[in-house]
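Chain by chain, the residues run as shown.
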Amino acid sequence: MRLYKVIHRAPWRVAKISKKRQQLRFRRAMVALKIALAQEKQETKEMLITYRRYTQGQTNKAELKRANEQFVDILKGLGLGVFALLPFAPLTIPLVVKLGQLVGVDVLPSSFSMNKPIKEIDQQIAQQSQQQDSTPSKKK
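Scoring rules and cut-offs
Residues numbered from 1 in each chain as written. Predicted model: local features only at pLDDT ≥ 70, side-chain atom pairs only at ≥ 80, totals over all residues. Heavy atoms only, no water. Helix = DSSP H or I, 4+ residues; strand = E, 2+ residues; numbered from the N terminus. Buried < 20%, exposed > 50% of the residue type's maximum accessible area, 1.4 Å probe, protein only. Contact = heavy atoms within 4.5 Å. Salt bridge = Lys/Arg side-chain N within 4 Å of Asp/Glu carboxyl O. UniProt positions renumbered as here; feature names shortened; annotations may be inferred. Expected span 1.5 Å × (residues − 1). Lys, Arg positive; Asp, Glu negative; His and termini not counted. Polar contact = N/O pair within 3.5 Å; in protein donor to acceptor, adjacent residues only side chain to side chain.

*Asks:* Whenever I open this one, the overall build of the chain confuses me. Can you help?
*Replies:* Secondary structure summary: the chain contains five helices and zero strands in total. Helices and strands in the chain line up, N terminus first, as α-α-α-α-α. Per-residue burial over the chain gives 14% buried out of 140 residues. For the chain, the share of sequence-separated contacts (at least 6 apart) that also reach a separation of at least 24 residues comes to 63%.

Next up, the structure:
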């Protein structure tokens, strides 16, 4: 009888484990996206400051080159945004990125291209969950 209970419960355990795994994978992807967007935001602010200083004649060639590279990254993001508006976007965007890799063209902005180790993302997820646990929830 005990063996029957173990065998009977096994599919439920497998389903729970796979559900947890999918949740963790989704959470990692969202944290990686958040990190990439924060990096793009910071780089864009620096680009705008550099261009403002360029109009005043206070920049050097290295800063201007870095600002131009960020401008190209913004244009890459806008190019992918066009595909996001098309039907079947969940299929077309990965296809465009994969075709770009095969041809040798970098389609993604630089902050989205770099892959962070899973350990760093897991640490940030743990920090966020600790912050959520420490903040008291408001009750109505």
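*Asks:* What is the right way to read the pattern of salt bridges from this model?
*Replies:* It is possible for side chains of opposite charge to pair when their charged atoms get near one another. For the structure shown, the criterion picks out two salt bridges. With a shortest N-O distance of 3.6 Å, glutamate 63 and arginine 53 are connected by a salt bridge. Residue glutamate 63 is located in helix H2 (residues 61–85), and its partner arginine 53 is located in helix H1 (residues 2–55); the two are separated by ten residues in the primary sequence. Residue classification places glutamate 63 among the buried positions, given a relative accessible area of 19%. In this structure, aspartate 106 and lysine 76 form a salt bridge, with 3.6 Å as the shortest nitrogen-oxygen distance. Taken together, the positions of aspartate 106 in the loop between helix H3 (89–103) and helix H4 (110–113) and lysine 76 in helix H2 put the pair 30 residues apart, joining distant regions of the chain. Relative accessible area serves as the criterion here: at 23%, lysine 76 is assigned to the partly exposed category.

*Asks:* Looking at this model, I keep getting lost on the UniProt feature "transmembrane region" (unreviewed entry) in the chain. Mind explaining?
*Replies:* Taken from the UniProt record, the annotation "transmembrane region" (unreviewed entry) applies to residues 74–97. Each end of residues 74–97 is marked by a C-alpha atom, and these two atoms are 16 Å apart; helix forms 88% of the span and strand 0%.

*Asks:* Explain H3 to me, please; I cannot follow it from the model alone.
*Replies:* Side chains that are three or four residues apart share a direction in an α-helix, a result of its 3.6 residues per turn. If you check H3, its first and last C-alpha atoms are 21 Å apart, about what 15 residues at 1.5 Å a residue would give, namely 21 Å. For H3, the elements touching its buried residues are H2. Glycine 104 occupies a position one or two residues after H3 and carries a positive phi of about 100°.

*Asks:* Would you take a moment to explain the side chain of glutamate 40 for this structure?
*Replies:* Positionally, glutamate 40 belongs in helix H1. Here glutamate 40 occupies a buried position and makes no salt bridge, while the nearest side chain of opposite charge, lysine 76, is found at 8.9 Å. Side-chain polar atoms of glutamate 40 contact the side chain of glutamine 70, separated by 3.0 Å. Within the structure, the side chain of glutamate 40 is placed 2.8 Å from the side chain of serine 111, a separation counted as a polar contact. Look past the residues within four positions of glutamate 40 in its chain and what remains in contact with it is Gln70, Asp73, Pro109, Ser110, Ser111 and Phe112.

*Asks:* Would you mind showing me how to read H2 here?
*Replies:* Counted at 1.5 Å a residue, the expected span for H2 with its 25 residues is 36 Å, and the 37 Å between its end C-alpha atoms agrees. For H2, the set of buried residues is Glu63, Ala67, Gln70, Asp73 and Leu80.

*Asks:* I would appreciate a short explanation of the environment of serine 111 in the present structure.
*Replies:* With respect to the helices, strands and loops of the structure, serine 111 is situated in helix H4. Ignoring anything within four residues of it in the chain, the contact list for serine 111 reads Ala36, Gln39 and Glu40.

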